[in-house]
Amino acid sequence: MLDVIFAVSVLGAVIFFGALLSVGNERQRKAIDGIREQTAYWAEQDLRLKRARAAREVRVEDPGAWLAGVVARVIGESPAITSLYPWENEGTRAMIAVCSDGRRFVMTPLHPRRFIQAIQSRSRGRLQKAEVGLLGDHPKRIPVYELSIVTAGAFFDLEAAQAWQQVTGTQLGAERLYLFEVPPISQN
């Protein structure tokens, strides 16, 4: 009988201390989440202050060099861009950068699925099938990168708007862009 009372009291103590630890851990988790939220809020406000101060100083002199820098940050290699020109078809807009190795970078404010749908040919004639599209023969296989202030630099949206204006002559009106890396036609 004494063994049963001792076993029950030990079991009760273990359960009590387990519950106490669980409650303590939950309080710590909530405190850490609160600290994380405050840190994120502070970082966001700090970034806004820095951006507000530097917004007047952000200038894109050469859109091709700017795009090469963005591509280098995103994919890890700096392309040799030979030409940069606007592209538009039925309201779908893009900037196309041709590289010396034959690759093309297509930058657009449209979401990749919408962009691919917009550029695909509606008619399927023999001549249409023989023509290579803007994103090659298999546009859904082309690597796509999302460009924003998180992935391409703190001032990306300001710089992108200036570069877009210089190349296309129109306002960008978007904070994020999508970059398609189209391989040379021989590899496509």
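Anyway, here's the lowdown on the structure attached to this text. What you are looking at is a predicted structure, and each value in this text was computed from that prediction instead of being measured.

Parameters and conventions
Residues numbered from 1 in each chain as written. Predicted model: local features only at pLDDT ≥ 70, side-chain atom pairs only at ≥ 80, totals over all residues. Heavy atoms only, no water. Pairing = 2+ DSSP bridges. Helix = DSSP H or I, 4+ residues; strand = E, 2+ residues; numbered from the N terminus. Axes fitted to C-alpha atoms, helices over the stretch in contact; angles between N-to-C directions. Contact = heavy atoms within 4.5 Å. Salt bridge = Lys/Arg side-chain N within 4 Å of Asp/Glu carboxyl O. Buried < 20%, exposed > 50% of the residue type's maximum accessible area, 1.4 Å probe, protein only. Expected span 1.5 Å × (residues − 1).

The next point concerns the sheet that holds strand 5 (residues 177–182). Spatial ordering of the open sheet is given by 1-2-3-5-4, a layout of five strands whose pairing is antiparallel. The sheet is open, and its two borders are formed by strand 1 (81–89) and strand 4 (144–147), each paired with just one other strand. Ignoring strand direction, the axes of neighbouring strands in this sheet form an average angle of 20°. Pairing between strand 4 and strand 5: four bridges, direction antiparallel. Across the sheet, the residue bridging to V144 is F180, located in strand 5. Contacts from helix 3 (residues 112–119) reach strand 1, strand 2 (92–99), strand 3 (104–108), strand 4 and strand 5 within the one sheet, and its direction differs from that of strand 2 by about 90°. Helix-sheet contacts for helix 5 (residues 156–168) involve strand 1, strand 2, strand 3, strand 4 and strand 5, and the interaxial angle to strand 2 is about 90°.

Here the focus is the pattern of salt bridges. With the rule as written, the count across this model stands at seven salt bridges. In this structure, the salt-bridge partner of D33 is R29, at a minimum N-O distance of 2.7 Å. Taken as a pair, D33 and R29 lie in helix 1 (residues 2–54) at a separation of four residues, close to a single helical turn. Judged by relative accessible area, which is 23%, D33 ranks as partly exposed. On the basis of relative accessibility, which here comes to 40%, the residue R29 falls in the partly exposed class. A salt bridge links R103 to E77, with the nearest nitrogen and oxygen atoms 3.3 Å apart. Remark: E77 occurs in the loop between helix 2 (63–75) and strand 1 and R103 occurs in the loop between strand 2 and strand 3; sequence separation between them is 26 residues. Residue classification places R103 among the buried residues on the basis of a relative accessible area of 9%.

Here the focus is helix 2. With 13 residues, helix 2 should cover 18 Å at 1.5 Å per step; its first-to-last C-alpha distance of 18 Å lies within 8% of that length. Regarding helix 2, the residues found buried are P63, G64, W66, L67, A68, V70 and V71. If you follow the buried residues of helix 2, they end up packed against strand 1, strand 2, strand 3, strand 4, helix 5 and strand 5. Two residues or fewer past helix 2, G76 is found with a positive phi of approximately 90°.

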